[in-house]
Amino acid sequence: MSLDSLSSYNMNILYHLTSPSPPIAGTDAVFQEIEALRRRFGGECLQLYPLRRPSRTFPKLLYGFHQRRALRRREPSVDLHHLYYATLYPFPWLHALHKPLIYSAVTGVGPLMIRGRADWLKAIHTIVSCSPRDEAVLQALCPERYRIIRPGIAVERFSPVSVPLRNELILLVGSAPWIRRQFQTKGIDLLLDVAGSLPLRLVFLWRGLLLSELQRHIARRGMSHRVEIINAPVDVNRVLARVHATVVLAETERQVKAYPHSLMESLSAGKPALVSGCIPMADYVAKAQCGEVVPSLTPDDLCASIKRLMDNYAARQASAQKRGRVDFALAPMLEAYAEVYARAVKPS
């Protein structure tokens, strides 16, 4: 099948979901990306995560066990499978698939979680990562079976609105925690701590989980007057129109998408990004000079990065306005996946 014919071909793709749906629809980046692919190529979703809420303790080996009959029933009629998971992991059901499998590692390939052997990777037709940092390891693992694809979003939904930087910096906080531990590992507590000593206001874009926990963390620090919480469906473009920048922090690269949607949306609206150095998108932010990189989750590093952003705000904003809507357009991502899908279903 050629790429041209694929553009008009409605495929029967089975998208494998490995995380629960967010309580507030439209607030999870992976679900947004899958919906963009489904609108272009067609297909259905199968939820392989067995719980309604995220859990650190539920074993990954049991993901999909409750759907084994549904998977066997659907498998003969699909053209290909597309699995989304944080890193590479040898899920037990992979060996039962007979149609081509595309595997998107959304935070990067990670430590591979392989115990000695990598034979299970042979079941994957193409591994997709959005992190250029993965190029070397993927070249070594499967030189002919990987793609680095930068994510895209509907940039036309966002319109740059400049907010003059005067006495304080207003930060939109993206990538809300799924579990309590992430108040620490996603830098939420750190942001609240430093906000007391900086001219800073925080706007939390929440996704319906752990709201009372966030309120307790804010109240404990006496920061209610410096914080706004948005915990409902919202037009993100309207929110971005009244902030200066967006921040996504993480302790390790495995905790957030390699290219967080909240940062891509921010840059598409001409607002700079503040991002942890462990997140692969930090390389882009540094090279494009469209924000600041936080080397590590410490008060000193975060304060220094915020001050650099404020000192250089005009230049960082100008770069975001110049680059964001071009570099994160949806069309190149869809075209790249069209090529991946076409090669997967092409007759031998």
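Structural notes, computed from the coordinates.

Cut-off values and rules
- Residues numbered from 1 in each chain as written.
- Predicted model: local features only at pLDDT ≥ 70, side-chain atom pairs only at ≥ 80, totals over all residues.
- Heavy atoms only, no water.
- Helix = DSSP H or I, 4+ residues; strand = E, 2+ residues; numbered from the N terminus.
- Rg over C-alpha atoms; globule rule 2.2 N^0.38 Å.
- Contact = heavy atoms within 4.5 Å.
- Lys, Arg positive; Asp, Glu negative; His and termini not counted.
- Charge placed at Lys NZ, Arg CZ, Asp CG, Glu CD.
- Pairing = 2+ DSSP bridges.
- Axes fitted to C-alpha atoms, helices over the stretch in contact; angles between N-to-C directions.
- Core = buried A, V, L, I, M, F, W, Y, C linked by side-chain atoms within 4.5 Å.
- Buried < 20%, exposed > 50% of the residue type's maximum accessible area, 1.4 Å probe, protein only.
- Phe/Tyr/Trp six-rings, centres within 6.5 Å; stacked < 30°, edge-to-face > 60°.
- Lys NZ or Arg CZ within 6 Å of the ring centre and 35° of its normal.
- Parallel < 35°, antiparallel > 145°, perpendicular 65-115°, else oblique.
- Left-handed = near helix turned anticlockwise from the far one by under 90°.
- Nonpolar A, V, L, I, M, F, W, Y, C, P; charged D, E, K, R; others polar.

## Comments concerning the overall build of the chain
Next, step 1: Within the chain, the secondary structure is distributed over 13 helices and 12 strands.
Next, step 2: Radius of gyration (C-alpha) of the chain: 20 Å, near the 20 Å computed for a compact globule of 348 residues.
Next, step 3: Reported as C-alpha extents along the three principal axes, the dimensions of the chain are approximately 65 × 40 × 35 Å.
Next, step 4: A separation threshold of at least 6 residues defines the contact pool for the chain, and within that pool the share at least 24 residues apart is 68%.
Next, step 5: Positive and negative side-chain charges in the chain, numbering 45 and 29 respectively, have mean positions lying 5 Å apart.

## What to know about the sheet that holds strand E9 (residues 227-230)
Strand pairing in a sheet takes place through backbone hydrogen bonds and is either antiparallel or parallel in direction.
Next, step 1: In space, the six strands of this open sheet follow the order E9-E8-E7-E10-E11-E12, with parallel pairing throughout. The two strands at the open ends of the sheet, each matched to only one other strand, are E9 and strand E12 (291-294). Sheet twist, expressed as the average angle between the axes of neighbouring strands with direction ignored, equals 20 degrees.
Next, step 2: Lying on the sheet, helix H10 (residues 281-288) is in contact with strand E11 (273-276) and E12; it crosses E12 at an angle near 135 degrees.

## Quick notes on the nonpolar core
Next, step 1: Counting 34 residues, the largest nonpolar core has Leu171, Val194, Leu200, Leu202, Phe204, Leu302 and Ile306 as the members making the most contacts within it.
Next, step 2: For this core, the secondary-structure elements that each account for two or more residues are strand E7 (169-173), helix H6 (188-195), strand E8 (200-205), helix H7 (211-220), strand E10 (245-248) and helix H11 (299-311).
Next, step 3: Here this core gets six residues from one element, more than from any other, and that element is H6.
Next, step 4: Ignoring any residue separated from it by four or fewer positions in sequence, one finds valine 194 in contact with Leu200, Pro299, Leu302, Cys303 and Ile306.

## So, the environment of leucine 48
Next, step 1: Assignment of secondary structure puts leucine 48 in the loop between strand E2 (44-47) and helix H3 (68-74).
Next, step 2: Each C-alpha atom, one on leucine 48 and one on serine 276, is 30 Å from the other, the two residues being 228 residues apart in sequence.
Next, step 3: If sequence neighbours within four positions are ignored, leucine 48 has contacts with His16, Leu17, Tyr63, Gly64, His66, Gln67 and Trp93.

## Concerning the packing of aromatic side chains
Next, step 1: Taken as a whole and assessed by the stated rule, the structure comprises 13 aromatic pairs.
Next, step 2: Arranged with centres 5.8 Å apart and planes meeting at 85 degrees, the rings of phenylalanine 204 and tryptophan 206 form a pair that is edge-to-face.
Next, step 3: Using a relative accessible area of 0% as the deciding quantity, one classes phenylalanine 204 as buried.
Next, step 4: Between tyrosine 259 and phenylalanine 328 the ring centres are 6.1 Å apart and the planes differ by 55 degrees, which places this aromatic pair in the tilted class. Taken together, the residues span a long stretch of sequence, with tyrosine 259 in the loop between E10 and helix H9 (261-268) and phenylalanine 328 in the loop between helix H12 (313-327) and helix H13 (330-345) at a distance of 69 residues.
Next, step 5: Judged by its relative accessible area of 3%, tyrosine 259 is buried.
Next, step 6: Taking relative accessible area as the criterion, phenylalanine 328 reaches 0% and is therefore assigned buried.
Next, step 7: Among the aromatic residues, those joined into a ring-pair cluster are Tyr49, Phe58, Tyr63, Tyr85, Tyr89, Phe91 and Trp93.
Next, step 8: Residue placement shows lysine 60 over the ring face of tyrosine 89; its charged tip is 5.4 Å from the ring centre.
Next, step 9: It is arginine 68 that lies over the ring of phenylalanine 65; its NZ or CZ is 4.1 Å from the centre.

## Things to note about the packing of H6 against H11
Next, step 1: At a minimum axis separation of 10 Å, H6 and H11 run at an interaxial angle of 65 degrees. As summarised for this structure, H6 and H11 are arranged roughly perpendicular, according to the angle between their axes. The handedness of the crossing between H6 and H11 comes out as right-handed. Facing Leu190, Leu191 and Val194 of H6, the residues of H11 in contact are Pro299, Leu302, Cys303 and Ile306.
Next, step 2: Here the residues of the contact of H6 with H11 sort into seven nonpolar, no polar and no charged.

Geometric values such as these leave the question of function open.
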